[in-house]
Amino acid sequence: MSFKALGLPTTLVEIIEKQEYNAPYPIQKAAIPEILKGRDVLGIAPTGSGKTASYVLPVLSGLRQRKEAKNRQVDVLVLVPTRELAEQVKDVFTLFEKGLEHTAPIMAVYGGVSINPQMKALFGISVLVATPGRLLDLVDSNAVQFDKLQTLILDEADKLLNLGFKEEMNRIFALLPKKRQNLLFSATLKEKVEEIHQES
Ligand code: AMP
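Residues numbered from 1 in each chain as written. Predicted model: local features only at pLDDT ≥ 70, side-chain atom pairs only at ≥ 80, totals over all residues. Heavy atoms only, no water.

A. Spatial organisation of helix 4 (residues 83–97). Spanning 15 residues, helix 4 covers 21 Å between terminal C-alpha atoms, matching the ideal 21 Å at 1.5 Å per step. Taken residue by residue, helix 4 has L85, A86, V89, F93, F96 and E97 as its buried positions. Viewed end-on, helix 4 has its buried residues packed into an arc of 110°, placing them on one side of the element. Where helix 4 is buried, its residues meet helix 1 (10–18), helix 3 (51–61), strand 2 (76–79), strand 3 (106–109) and strand 4 (127–130). (Helix = DSSP H or I, 4+ residues; strand = E, 2+ residues; numbered from the N terminus. Expected span 1.5 Å × (residues − 1). Buried < 20%, exposed > 50% of the residue type's maximum accessible area, 1.4 Å probe, protein only. Arc of directions from axis to C-beta. Contact = heavy atoms within 4.5 Å.)

The structure is reproduced here in structure tokens:
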């Protein structure tokens with residue numbers, strides 16, 4: 001089974017091959033075709049399983065026809081528990097984004113750094129990777145809008161809950177369009193993760 005056989009476009013497959021990803025990992029085989037079809041996905045996958053590429057690749061494929069937008073609307077929101085994961089996820093999106101015909105600017109936002117540069121830079125962004133608290137601060141400053149959001153991704157959902165982000169996440173869900181694709185990745189499937197899967 002190759003990445004091409006999973007339904008990914010040639011331009012993306014070429015970049016995947018340069019990364020020496022010889023064959024898709026199990027989570028990628030399972031998730032990529034479903035995400036490409038626009039379905040919701042609940043992936044139980046720990047770090048190291050290849051879960052990041054399992055959503056980054058099909059999500060980017062869905063942004064191929066994207067038109068440049070000079071506004072504060074984002075197409076894709078990835079919620080992550082930590083600054084480190086935000087940077088890692090941004091890097092994977094940035095690496096593969098080169099395989100798109102049109103650009104889809106990517107940005108990561110998190111707390112612990114000044115908010116002003118983030119407010120300014122949040123213009124024309126397609127994929128926003130964010131920790132929940134800083135995202136809400138940016139929402140309160142009108143720096144980002146979600147009316148056109150297509151896809152919500154929760155990465156390390158179990159850690160988001162363990163770190164006490166439930167309330168922030170509920171506030172964020174309430175801001176998003178009801179019709180959207182939901183992708184949830186978690187290392188474990190505990191009751192609480194099932195709960196946010198239902199709520200998100
Ligand atoms: P992740 O679980 O997303 O943190 O990915 C773990 C590591 O596996 C990263 O360094 C990826 O670059 C690498 N990786 C992801 N998919 C593949 C693949 N199909 N073949 C080889 N390496 C991969």
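There's plenty left to go through after this.
B. Focus on the site of the ligand. All residues adjacent to the ligand are F3, Y21, A23, P24, Y25, Q28, T47, G48, S49, G50, K51 and T52. One nitrogen or oxygen atom from the side chain of Y21 is found 2.8 Å from an oxygen atom belonging to the ligand. Contacts to the ligand include T52, whose side-chain N or O atom sits 2.6 Å from an oxygen atom. Burial of the ligand by the surrounding chains reaches 70%, relative to a free accessible area of 500 Å². When its residues are assigned to classes, the shell around the ligand shows five nonpolar, six polar and one charged. (Near = heavy atom within 4 Å. Polar contact = N/O pair within 3.5 Å; in protein donor to acceptor, adjacent residues only side chain to side chain. Areas by Shrake-Rupley, 256 points an atom, 1.4 Å probe, with all protein chains shown as cover. Nonpolar A, V, L, I, M, F, W, Y, C, P; charged D, E, K, R; others polar.)

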